[in-house]
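Commentary on secondary and tertiary structure
One-letter residues, chain by chain:
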Amino acid sequence: MLSRSQFGIILGFAIILGIIAALVDIPFWILIVVILLITMAVSYLPIMINLYITDDMKKVEKFLEARLNQPIFHFYYALANENDFQVEKALRDVREKYKKGHYYTIYSVTYAAYKGKLIEERDSIAQIKQPALRVYYEGLLAIEEDELDRASQLASEQKKPWMKEAILADVAGKRGERDLEIKHQQEAIRLTQGLQRYLLVKKYGVGRP
């Protein structure tokens with residue numbers, strides 16, 4: 001759904017393009033295609049920037065706060081802010097929207113990781129299709145089960161650098177190696193942008209007193 005500012009931008013471009021088209025006799029179909037492209041850019045560019053590109057955590061937080069009516073964004077916002085009631089509400093909405101299947105599995109496992117109960121989702125972890133994500137949760141599960149050598153081995157197999165660092169951070173934390181834990185946490189954050197960086201910053205308590 002477009003915000004007022006996005007609608008205003010699109011309307012402004014449409015008016016300007018309409019005037020230009022009338023002056024230079026641009027075919028109507030070209031005008032429509034250009035307006036559609038502008039609409040797509042204005043609609044989706046902010047989403048892409050906030051999810052995958054920006055390092056501005058305040059911007060990501062505002063982006064999520066403006067979309068709390070959407071179950072997935074609500075889920076991540078509540079998760080990051082450790083609001084158990086809202087996390088569970090958002091998870092119910094996600095499950096209701098997606099029923100069974102990939103999304104259902106991913107968010108169930110993500111919630112279990114948040115609660116420290118991945119053992120209960122062992123079978124679901126095995127069903128995750130993306131290899132990097134599956135190995136990531138297998139590593140976190142191994143940590144829950146105090147199999148730290150196995151977790152370290154899974155980290156070495158991890159193809160996504162930030163996931164590797166996140167597993168190693170939790171391994172170090174479990175071993176009481178605080179300095180090493182912080183080092184891996186900082187490296188995991190450095191390797192991410194957008195929503196994922198926001199989630200890690202919140203998880204690791206960066207900026208907290």
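Quick look at the structure, then. Just so it is clear, the structure is predicted and the values come from calculations on it, not from any experiment.

With that settled, the discussion passes to a nonpolar patch on the surface. Where nonpolar side chains cluster on the molecular surface, the patch consists of Val24, Ile26 and Ile30 and spans about 220 Å² of accessible area. By secondary structure assignment, the location of isoleucine 30 is in helix α2 (residues 28-53).

Within the span of helix α3 (residues 57-65), buried status applies to Met57, Val60, Phe63 and Leu64. The buried residues of α3 occupy an angular sector of 120° when projected down its axis, which confines them to one face. Set apart from the buried face of α3 by more than 90 degrees, the exposed residues are Lys58 and Lys62. For α3, the N-terminal capping position is held by aspartate 56, with its side-chain oxygen 3.1 Å away from the main-chain nitrogen of lysine 58.

Turning next to the environment of proline 161. By the secondary structure assignment, proline 161 is in helix α10 (residues 161-174). Along the sequence, proline 161 and glutamate 187 sit 26 residues apart, while their C-alpha atoms lie 9.0 Å from each other.

Glancing now at the packing of α10 against helix α12 (residues 194-204). Helix-helix packing is described using two parameters, namely the angle between the two axes and the distance between the axes. Two numbers describe how α10 lies on α12: the axes approach to 13 Å, and their chain directions differ by 10°. Compared by their axis directions, α10 and α12 come out roughly parallel. Contact residues: Trp162, Ala166, Ala169 and Asp170 in α10; Gln196, Leu200, Lys203 and Tyr204 in α12. Counted by class, the contact of α10 with α12 contains five nonpolar, one polar and two charged residues.

One pass over the full model with this rule turns up nine aromatic pairs. Residues phenylalanine 63 and phenylalanine 73 carry aromatic rings whose centres are separated by 5.2 Å and whose planes lie at 80° to one another, so their mutual orientation is edge-to-face. Placement of phenylalanine 63 in helix α3 and of phenylalanine 73 in helix α4 (residues 71-80) is noted, with a sequence separation of ten residues between them. For the pair phenylalanine 63 and phenylalanine 73, a shared accessibility class is recorded, and that class is buried. For the ring pair phenylalanine 75 and tyrosine 76, a centre distance of 5.6 Å and an interplane angle of 65° mean the geometry is edge-to-face. Across this residue pair, the class does not change: phenylalanine 75 and tyrosine 76 are buried.

Per the stated rule, a full pass over the model turns up eleven salt bridges. In this structure, arginine 150 engages glutamate 147 in a salt bridge whose closest nitrogen and oxygen atoms are separated by 4.0 Å. Look at arginine 150 and you get partly exposed, because its relative accessible area is 43%.

What counts, and where the lines are drawn
- Residues numbered from 1 in each chain as written.
- Predicted model: local features only at pLDDT ≥ 70, side-chain atom pairs only at ≥ 80, totals over all residues.
- Heavy atoms only, no water.
- Patch = residues over 30% accessible without salt bridge, like charges linked within 9 Å, V, L, I, M, F, W, Y side chains within 5 Å.
- Areas by Shrake-Rupley, 256 points an atom, 1.4 Å probe, with all protein chains shown as cover.
- Salt bridge = Lys/Arg side-chain N within 4 Å of Asp/Glu carboxyl O.
- Helix = DSSP H or I, 4+ residues; strand = E, 2+ residues; numbered from the N terminus.
- Buried < 20%, exposed > 50% of the residue type's maximum accessible area, 1.4 Å probe, protein only.
- Arc of directions from axis to C-beta.
- Polar contact = N/O pair within 3.5 Å; in protein donor to acceptor, adjacent residues only side chain to side chain.
- Axes fitted to C-alpha atoms, helices over the stretch in contact; angles between N-to-C directions.
- Parallel < 35°, antiparallel > 145°, perpendicular 65-115°, else oblique.
- Contact = heavy atoms within 4.5 Å.
- Nonpolar A, V, L, I, M, F, W, Y, C, P; charged D, E, K, R; others polar.
- Phe/Tyr/Trp six-rings, centres within 6.5 Å; stacked < 30°, edge-to-face > 60°.

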